[in-house]
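Coordinate inspection notes
Below are the chains, spelled out letter by letter.
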Amino acid sequence: MVEFDDTFRQHLRELFVWRRDVRRFRTDPLPAGAIDRLIETACLSPSVGLSQPWRFVVVEDEARRHAVIDDFKSCNADALKAYSGERAARYATLKLSGLERAPGHLAVFADKASDIGHGLGRATMPETTEYSVVAAITAMWLAARAEGIGIGWVSILNPDRIHAVLEVPPSWKLIAYLCMGYPEVECDRPELEQANWEHRRSADDFTLRR
Ligand SMILES: Cc1cc2nc3c(=O)[nH]c(=O)nc-3n(C[C@H](O)[C@H](O)[C@H](O)COP(=O)(O)O)c2cc1C
């Protein structure tokens, strides 16, 4: 039996406040085993039917990493074209990935074909497979921050292209491509808020009572 006291709860709250999506990394490497340890923590996450559908690919090969960077550049250029005027000008100034400097690249997939969990909970909501993987990524994000390691989630990618670059099984669906490393700076506000792209709203804005 473990008890969590007020001091722990306060620290936990600070962990949530100080977790960031990091795009500006120092280039010094992560300690040996750090990514594997974070993956182990992520594997403690909840999953529909205990299906544990998360699949991790530690991307170390330089050619594959460069292919991912090229894909990001192409997708980001396309994304910019969807904006116009002042919003486009602002989008163009945003830094939306730390792929080039981050020492760690980690792709996270959901295995849509696995029979671990025997289908429990997935008959009416098959998308709970993907939700389970997102839960694991969030746990990893917080665990990493507790070690001073920053994570940046990159979704401006073509999933089919990443699938081909990493040569993973057809039943794996890309959920996230993560940059990992030590952040250049720490901050308690989202970078997109600092860049005046969007601001964090209060819980009241998103909560209904019936
Ligand atoms: C599903 C998902 C996809 C994201 N994709 C990107 C991305 O491609 N590029 C990026 O810069 N940030 C990305 N982010 C990070 C968000 O921009 C970030 O979480 C948000 O601005 C709030 O900032 P914070 O995480 O520092 O609190 C993504 C976050 C999530 C949850």
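Residues numbered from 1 in each chain as written. Predicted model: local features only at pLDDT ≥ 70, side-chain atom pairs only at ≥ 80, totals over all residues. Heavy atoms only, no water.

Brief notes about the environment of E40
- Note on placement: E40 falls in helix 2 (residues 34-42).
- With a relative accessible area of 58%, E40 lands in the exposed category.
- Taking the C-alpha atoms as reference points, E40 and M140, separated by 100 residues in sequence, lie 8.9 Å from one another. (Helix = DSSP H or I, 4+ residues; strand = E, 2+ residues; numbered from the N terminus. Buried < 20%, exposed > 50% of the residue type's maximum accessible area, 1.4 Å probe, protein only.)

Concerning the pairing of strand 3 (residues 150-154)
- Judged by how many residues are buried, strand 3 sits mostly within the fold: four of five residues are covered.
- Here strand 3 runs beside strand 4 (residues 172-181); their pairing, made up of five bridges, is antiparallel. Its bridge partner lying in strand 4, I151 is registered against M180. (Pairing = 2+ DSSP bridges.)

What to know about the sheet that holds strand 3
- If you walk across this open sheet you meet the four strands as 1-2-4-3, and the pairing is antiparallel. The open sheet is flanked by strand 1 (54-58) and strand 3, the only strands paired with a single partner. Neighbour-to-neighbour, the strand axes of this sheet turn through a mean angle of 30 degrees, independent of strand direction.
- This element, helix 6 (residues 159-166), spans strand 1, strand 2 (104-111) and strand 4 of the sheet and lies at about 75 degrees to strand 4. (Axes fitted to C-alpha atoms, helices over the stretch in contact; angles between N-to-C directions. Contact = heavy atoms within 4.5 Å.)

Focus on the packing of aromatic side chains
- Taken as a whole and judged by the stated rule, the model has six aromatic pairs.
- Where Y91 meets W197, the ring centres are 5.8 Å apart and the plane angle is 65 degrees; that geometry is what we call edge-to-face. Taken as a pair, Y91 in helix 4 (residues 85-93) and W197 in the segment after helix 7 (191-194) lie far apart in primary sequence, 106 residues in all. Pair check on accessibility: Y91 and W197 agree, each one buried.
- Relative to W153, the ring of W141 lies with its centre 5.8 Å away and its plane at 45 degrees, an arrangement referred to as tilted. In this pair, W141 is assigned in helix 5 (residues 128-146) and W153 in strand 3, connecting sequence segments twelve residues apart.
- Assessed through its relative accessible area of 24%, W153 is described here as partly exposed.
- An aromatic cluster of three or more residues is present, and its members are Y83, Y91 and W197.
- A cation over a ring is seen here: R19 above W141, with NZ or CZ 4.5 Å from the ring centre. (Phe/Tyr/Trp six-rings, centres within 6.5 Å; stacked < 30°, edge-to-face > 60°. Lys NZ or Arg CZ within 6 Å of the ring centre and 35° of its normal.)

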